[in-house]
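Below are the chains, spelled out letter by letter.
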Amino acid sequence: MRGQQTPRSNPGKKRGDTMSELHEEVTIKLVNDKVRFTGVSLASPDHPVSIDYVPPLGDGMGFRGLELFLLSFGGCSATAVVALLRKMGKTVSGFEVRAKGTRSEKPPIKLEKICIEFLLESKDAEEKDLRRAVQLAEESVCPVWQLIKNNVDVVPECRIIE
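Scope of this entry: the structure provided in the associated data block. Since this is a predicted model, take the numbers as computed values, not measurements. (Residues numbered from 1 in each chain as written. Predicted model: local features only at pLDDT ≥ 70, side-chain atom pairs only at ≥ 80, totals over all residues. Heavy atoms only, no water.)

## A short note on the overall build of the protein chain
The condition that has to hold: Each helix is a run of H or I in the DSSP string that is no shorter than four residues. Each strand is a run of E no shorter than two, and both are numbered from the N terminus. Contacts are residue-level and defined by heavy atoms, with any inter-residue pair within 4.5 Å sufficient. Using a 1.4 Å probe, accessible areas were evaluated by the Shrake-Rupley method; residue-level cover was limited to the displayed protein chains.
Check the secondary structure of the protein chain and you find three helices and six strands. Overall, the protein chain shows an N-to-C arrangement of helices and strands of β-β-β-α-β-β-α-α-β. Taking all contacts inside the protein chain whose residues are at least 6 apart in sequence as the whole, residues at least 24 apart take part in 50%. Carbon and sulfur atoms form 52% of the exposed surface of the protein chain, whose accessible area is close to 11300 Å².

## Side note on the pairing of strand β2 (residues 37-41)
Applied cut-off: Here a strand pair is declared whenever DSSP counts at least two bridges between the two strands.
Looking at chain direction, strand β1 (residues 26-30) and β2 are connected through five bridges and run antiparallel. The residue of β2 that forms the bridge with Thr27 is Val40. In this structure, β2 lies alongside strand β3 (residues 49-51), joined through three bridges in antiparallel fashion. By the bridge assignment for β3, Gly39 is matched with Val49.

## What about the pairing of strand β5 (residues 111-121)?
Of the strand pairs in this sheet, strand β4 (residues 94-103) and β5 are connected by 10 bridges, and their pairing is antiparallel. Paired with Arg103 across the bridge in β5 is Leu111. Bridge count for β5 against strand β6 (residues 153-161) is nine bridges, and the pairing is parallel. Within β6, the position partnered with Lys113 by the bridge is Asp153.

## A short note on unusual backbone geometry
Omega for the peptide link from Pro55 to Pro56 comes to 10°, which places this bond in the cis form. Cis peptide bonds are those with omega within 30 degrees of zero, and the linkage from Pro107 to Pro108 qualifies with 0°. Looking at the element boundaries, Pro108 is found in the loop between β4 and β5.

## Observations regarding the sheet that holds β1
Here is the rule we go by: Angular values range over 0 to 180 degrees, each being the angle between N-to-C directions of two axes fitted as lines to C-alpha atoms, with helices fitted over their stretch in contact.
One open sheet holds the three strands; their spatial order is β1-β2-β3, and the pairing between them is antiparallel. On the outer flanks of this sheet lie β1 and β3, each paired with one strand and no other. Between one strand axis and the next, the sheet turns by 25° as a mean value, whatever way the strands run.

## What about the packing of helix α1 (residues 65-87) against helix α2 (residues 127-141)?
Where we set the bar: Oblique is the label for any angle not under 35 degrees, not over 145, and not in the 65 to 115 range, which are roughly parallel, roughly antiparallel and roughly perpendicular in turn. Each crossing gets its hand from how the near helix is turned against the far one by less than a right angle, where anticlockwise is left-handed and clockwise is right-handed.
It is at 9 Å that the axes of α1 and α2 come closest, and there the two elements cross at 125°. What the angle tells us is that α1 and α2 run oblique. At the point where α1 passes α2, the crossing takes the right-handed sense. Contacts between α1 and α2 involve Ala80, Val81, Leu84 and Leu85 from the former and Asp129, Leu130, Ala133, Val134, Leu136, Ala137 and Val141 from the latter.

Pasting the structure below:
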């Protein structure tokens, strides 16, 4: 592994220019004598993410895998919902997603349930608009949601903050 180069973005090509590409690529490297890793994506090599586990296996100096998954799911669904609301002509003054996962007690350890709360600050959107955007994100727009559909119980909640 030493001597191999990390992914580098294509010079002159912006991240947004890759929307039509059909693949994603990441590199994850061990950085200590425990289980701490640094991960980067091909599209964003200058934005590393630290991955670790709790002591004694790790040092607790990074995100755990399921936390990263919840961030991925929350970020993907947030992007979809905000884009859909704006496409509906709604004002998005603020937006927050809170995701909480419940792990299984026995192996195989996995997320059994995710409660995800969508908080929209808007002067003209109603709860029905937010619910419709969340429904569309679930049905067809958020690829991370598609990955877990029929495998994890997802409980979405919607709230408008005025």
